[in-house]
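# Chains, contacts and geometry: an overview
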Amino acid sequence: GLDGASWRVLEPAVRQGHMPYLASLVDAGCSGVLTSTTPPKTPAAWSSFQTGKNPGKTGVYDFERWNRKTRTSDYVSSESLGVTLWDCLGQAGKRIAVINVPMTYPARPVSGVLITGLLTPNLNSRFIYPPDLREALLEHVPDYHIFNLRNTARTGSARRIHPFVTRLQEIVDSRARAAAFVFQREQADVAMVHFQATDVLQHAFWPMLCPDHERYDPETHELLCAAFYGFLDERLRRVCQAFVQGRADPVLTLVVSDHGFQTHHQRVRLGKWLVQKGYLSIRAGARPLPWLRRRLRRLDGSVARRFFERTAVGRRLDRFRRRPTFRMDFDHSRVFSFGRGCDGYLFFLEDDPAARQATQEQIRKDLMGLVDSRTGRPVVQEICPREAIYSGPRLADLPDWILRPAEGYSFTGNYEDGVRGLFAAVRFGRDFHAGMHHPEGVLIAAGPGVRCGRVEDARLWDVAPTVLAWLGLPVPEDMDGRVLQGLFTQPLTVQTARPEAPAVPTESSDTATYSPADVQDIEQRLRDLGYIE
Ligand SMILES: [Zn+2]
């Protein structure tokens, strides 16, 4: 798993010889675009990948999930995913080794090894199964961590490129050593390792990877290809070699990304727009001063934790700092937008169906008329009502509407204090997300039975059923994905099976997963990665 890997970067890197291992897989196998979820965000995408199901069944669209009843949000966890590919493999008697895949925390019992990914608070939490492997892992890879980029994240300027890339190399290397250690030790039937670094590098340095960007610099591009993509390619080779070593059976290798990348030009302040248009009311009073918010955001680590947890003033200030919807007046609003990253999530608040429908008709017109005054172009590419794109028992957990922005735009969901204008230009070097997600990810398959060529119309949730079918195992009927027959020279025989009862509760039970201290750890990481402010 290469988070955010895009053909826009990999294709030239492979062609120019920077990624010989990946090139060998592309040449021998079948590859193409892997379409992501809407929105193309890491938590939604990897949840659908692991379950073979659409977000209407996983209930995951972002790092957090809004609870309509309590009007608060909680970080999502693996506990809401239900049966995953890893469970199906375990039930069929296969052993797995899964390293750092997002949306696997807390580690649940599996047949084999599971080391959790992105929303894992820290290495003292339930990040590894079996738990007694923790000591051996940390002894073998003392620098193993979930993903720590602290103090180097906001370095998206060409001047600071060297320390940033060096740090990413260290992260990729420790991850690869951990994976090789587990793969050699476990002799699993199915193994996966996820690398976050591709996503992080592309957020920060996309203009240097994108030849038609106005700030593009071919020398920096060359440096990134050699020092990062080449480095990563060598680690991928080592990891795959560790899996293959001493094995007589043929091996199928898959490279997948959860989404692709594109240039990020403008942030659109959707919360502010809703206020201006009269859809959303903001409470008077209790206004945290902008400078105070900025100061509070910068506090991190143990000092802040002691302050926010142990003092009454700290706990009160923490509400300003953490709760993105703190100032929204839900009783006097018709619509609100939620999300701290690049999202367009709209929730409709009116209970009366006729009033709600009237609001939807009005806001649809208004959204289509929302144009960037500098270009005259609309900023909303498509309005996606949840029932139009997804289905399943968790549909009610999703936003009523998800807005797909026009190319280059993103939405800032929350209402922000003290900011001027509806648009904020994204400046390379200042905004950590100079690149942002795009729906078109990457799929490469190589191995016995895989044909040489291109695969069309592949979606992220097709991977899980394809893996099951390749192993000759039945595909649960409630998986939405279909087996990607186009990858193979001979069609695979597909048997279906009645879905197993989930081993874990599937209602919105994530609240209890994370302690306040866990939430601080997670938010620090998401802040370092530029996903929340
Ligand atoms: Zn990202």
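Residues numbered from 1 in each chain as written. Predicted model: local features only at pLDDT ≥ 70, side-chain atom pairs only at ≥ 80, totals over all residues. Heavy atoms only, no water.

### Let's talk about the packing of helix α2 (residues 20-28) against helix α9 (residues 218-244)
- The geometry of α2 relative to α9 is characterised by a closest axis approach of 7 Å and an angle of 65 degrees between their N-to-C directions. Taking contact as the criterion, the partners of P20, Y21 and L22 in α2 are, on α9, D233, L236, R237 and C240.
- Of the residues that constitute the contact of α2 with α9, the class distribution is five nonpolar, no polar and two charged. (Axes fitted to C-alpha atoms, helices over the stretch in contact; angles between N-to-C directions. Helix = DSSP H or I, 4+ residues; strand = E, 2+ residues; numbered from the N terminus. Contact = heavy atoms within 4.5 Å. Nonpolar A, V, L, I, M, F, W, Y, C, P; charged D, E, K, R; others polar.)

### Side note on helix α14 (residues 353-368)
- In this model α14 runs 22 Å from its N-terminal to its C-terminal C-alpha over 16 residues, within 8% of the 22 Å that 1.5 Å per residue would give.
- Of the positions making up α14, those classed as buried are T359, Q360, I363 and L367. What you see down the axis of α14 is that its buried residues fit within an arc of 105 degrees, all on one side. More than 90 degrees from the buried face of α14, the exposed residues found are A354 and K365.
- On its buried side, α14 packs onto α10 (270-276), β11 (335-338), β12 (345-348), β15 (380-385) and β16 (401-405). (Expected span 1.5 Å × (residues − 1). Buried < 20%, exposed > 50% of the residue type's maximum accessible area, 1.4 Å probe, protein only. Arc of directions from axis to C-beta.)

### A short note on unusual backbone geometry
- Cis geometry is found at the peptide bond from Y105 to P106, where omega equals -5 degrees.
- Inspection of the secondary structure puts P106 in the loop between β4 (96-101) and β5 (112-116).
- A positive phi angle, close to 55 degrees, is found at R71, a residue other than glycine.

### Side note on the packing of helix α7 (residues 161-186) against helix α8 (residues 197-209)
- Where α7 contacts α8, the two axes come as close as 10 Å, and the packing angle between them is 170 degrees. When the axes of α7 and α8 are compared, the pair comes out roughly antiparallel. For the pair α7 and α8, the crossing hand works out as right-handed. Each of I161, F164, V165, L168 and V172 in α7 lies in contact with α8, whose residues at this interface are A197, V200, L201, A204 and F205.
- Across the contact of α7 with α8, the residue classes break down as 10 nonpolar, no polar and no charged. (Parallel < 35°, antiparallel > 145°, perpendicular 65-115°, else oblique. Left-handed = near helix turned anticlockwise from the far one by under 90°.)

### What to know about the pattern of salt bridges
- This structure, assessed with the given rule, holds 23 salt bridges.
- Between R177 and D143 there is a salt bridge, with the nearest N and O atoms lying 2.7 Å from each other. Of this pair, R177 sits in helix α7 while D143 is found in the loop between α6 (133-140) and α7, placing the two residues 34 residues apart along the sequence.
- A salt bridge links E382 to R404, with the nearest nitrogen and oxygen atoms 2.7 Å apart. Of this pair, E382 sits in strand β15 while R404 sits in strand β16, and the two are 22 residues apart along the sequence.
- When its relative accessible area of 32% is taken as the criterion, E382 is described as partly exposed.
- Three or more residues joined by partner-sharing salt bridges are found here, namely R68, R356, R386, E387 and D400. (Salt bridge = Lys/Arg side-chain N within 4 Å of Asp/Glu carboxyl O.)

### Some thoughts on the sheet that holds strand β17 (residues 409-412)
- In space, the three strands of this open sheet follow the order β17-β10-β18, with mixed pairing throughout. Where the open sheet ends on each side, the last strands, each with one partner, are β17 and β18 (423-425). Put simply, the sheet's adjacent strands are angled 25 degrees from each other on average, direction ignored.
- Across three bridges, strand β10 (residues 266-269) lies against β18 in antiparallel orientation. Its bridge partner lying in β18, V268 is registered against F423. (Pairing = 2+ DSSP bridges.)

### Regarding the nonpolar core
- Counting residues in hydrophobic clusters, the biggest one holds 86 residues, and the most contacted among them are L168 and L201.
- Residues contacting L168, with those up to four places away along its chain left out, are F147, L149, A197, V200, L201 and F228.
- Membership of the second largest hydrophobic core comes to 39 residues, among which are V83, V101, V190 and F488. (Core = buried A, V, L, I, M, F, W, Y, C linked by side-chain atoms within 4.5 Å.)

### Observations concerning the side chain of D431
- Secondary-structure assignment places D431 in the loop between β18 and β19 (435-438).
- Residue classification places D431 among the buried residues on the basis of a relative accessible area of 15%.
- Among the polar contacts listed, one links the side chain of D431 to the side chain of R267, at a separation of 2.9 Å.
- One polar contact links the side chain of D431 to the main-chain amide nitrogen of H433, over a distance of 2.9 Å.
- If sequence neighbours within four positions are ignored, D431 has contacts with R267 and V426. (Polar contact = N/O pair within 3.5 Å; in protein donor to acceptor, adjacent residues only side chain to side chain.)

### Details of the packing of aromatic side chains
- By the definition in use, this model includes 19 aromatic pairs.
- Plain terms: the ring middles of Y105 and Y514 are 5.7 Å apart, the flat faces sit at 20 degrees to each other, and that makes the pair stacked. In this pair, Y105 is assigned in the loop between β4 and β5 and Y514 in the loop between β24 (496-497) and α17 (516-528), connecting sequence segments 409 residues apart. Comparing Y105 with Y514, the two get one shared label, buried.
- Measuring from centroid to centroid gives 6.3 Å for Y390 and W461, while their planes differ by 70 degrees, and the two rings are edge-to-face. Taken together, the residues Y390 in the loop between α15 (386-389) and β16 and W461 in the loop between β22 (458-459) and α16 (463-470) connect sequence positions 71 residues apart.
- Linked through ring pairs, W66, F330, F336, F338 and F347 together constitute an aromatic cluster.
- If you follow R235 out to its NZ or CZ, it ends over the ring of F231, 3.7 Å from the centre. (Phe/Tyr/Trp six-rings, centres within 6.5 Å; stacked < 30°, edge-to-face > 60°. Lys NZ or Arg CZ within 6 Å of the ring centre and 35° of its normal.)

Purely geometric stuff here, so don't read any function into it on its own.
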